[in-house]
Amino acid sequence: MMYPYVTFPDDTEVTFSNVQADGSVKVYIETPIQGGFKNGTCILPGYSWVSVEGYSDREIQRWDRFLRNNAHLILTLAAEGGFENASAV
């Protein structure tokens, strides 16, 4: 299951998975561009980028900072089933 986290003014979307059996959460970032999308997948809590297409190293560094600032919320929401089911957020 994928849950929405945030959509930015440039239509970049950040979504996340439920908590996996190993305790990890997959975070997907996707930005529309002419002819397709830039996208990246990061595994929390280890901040391991397992897939990146179209983003520059500098953009991934920015997204990594974003995730480090938001991971506690994303991990909590993933455990509770997204915003709609969250009790403490």
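Structural data are supplied above this passage.
Residues numbered from 1 in each chain as written. Predicted model: local features only at pLDDT ≥ 70, side-chain atom pairs only at ≥ 80, totals over all residues. Heavy atoms only, no water.

Things to note about the sheet that holds strand 5 (residues 48-53)
In a beta sheet, neighbouring strands are held together by backbone hydrogen bonds and run either parallel or antiparallel to one another. Keep this limit in mind: Two strands form a pair only when DSSP identifies at least two bridges running between them. The secondary structure listing takes helices from DSSP runs of H or I that are at least 4 residues long and strands from runs of E that are at least 2 residues long, numbered from the N terminus. Fitted lines through C-alpha atoms give the axes, limited to the stretch in contact for helices. The angle between two N-to-C directions lies from 0 to 180 degrees. Only heavy atoms matter for contacts: two residues are in contact if any of them lie within 4.5 Å across the pair.
The sheet built from five strands is open, its strands ordered 1-2-3-4-5 with antiparallel pairing. The two strands at the open ends of the sheet, each matched to only one other strand, are strand 1 (2-7) and strand 5. Neighbour to neighbour, the strand axes of the sheet diverge by 20 degrees on average, direction disregarded. Across the sheet, helix 1 (residues 57-80) lies against strand 1, strand 2 (13-17), strand 3 (25-33), strand 4 (36-44) and strand 5, angled at about 135 degrees from strand 3, the strand it touches most.

Looking at the side chain of S17
To be explicit about the condition: Here the term buried applies to any residue with accessible area under 20% of the maximum for its type, exposed to any over 50%, and partly exposed to those in between, with areas from a 1.4 Å probe on protein chains only. Polar contact criterion, stated in full: a pair of N or O atoms within 3.5 Å, where within protein one must be able to donate a hydrogen and the other to accept it, and residues adjacent in sequence count only if both atoms are side-chain atoms.
Relative to the assigned elements, S17 resides in strand 2. Note on S17: relative accessible area 3%, which makes it buried. In this structure the side chain of S17 is engaged in a polar contact, spanning 3.4 Å, whose partner is the side chain of Q20. Among residues more than four places away in sequence, those in contact with S17 are M1, M2, Y3, V25, K26 and A78.

Regarding the nonpolar core
Convention followed: Think of a nonpolar core as a cluster: buried Ala, Val, Leu, Ile, Met, Phe, Trp, Tyr and Cys residues, connected wherever their side-chain atoms sit within 4.5 Å.
Within the largest apolar cluster, 18 residues are counted, with the highest numbers of intra-cluster contacts made by Y5, V14, F16, V27, I29, L67 and I74. For this core, the secondary-structure elements that each account for two or more residues are strand 1, strand 2, strand 3, strand 4 and helix 1. Contacts of L67, omitting those with residues within four sequence positions, involve V27, I29, C42, Y47, W49 and I74.

A short note on the packing of aromatic side chains
To be explicit about the condition: When the centres of two rings from Phe, Tyr and Trp lie within 6.5 Å, Trp using its six-membered ring, the rings pair. Their planes under 30 degrees apart give stacked, over 60 give edge-to-face, and anything left gives tilted. The rule is short: NZ of Lys or CZ of Arg within 6 Å of the ring centre and within 35 degrees of the ring normal puts a charge over the ring.
Counted by the stated rule, this structure contains seven aromatic pairs. Both rings, one in Y3 and one in F16, keep their centres 5.4 Å apart while their planes meet at 35 degrees; by these two values the pair is tilted. Here F16 lies in strand 2 and Y3 lies in strand 1, a separation of 13 residues in the sequence. Since its relative accessible area comes to 14%, Y3 is described here as buried. By the ring-pair criterion, three or more aromatic residues cluster together here, those being Y3, Y5, F8, F16, Y55, W63 and F66. Lying over the aromatic face of W63, R62 brings its terminal NZ or CZ to 5.0 Å of the ring centre. For R68, the ring lying beneath its charged end belongs to Y47, and the centroid distance is 4.0 Å.

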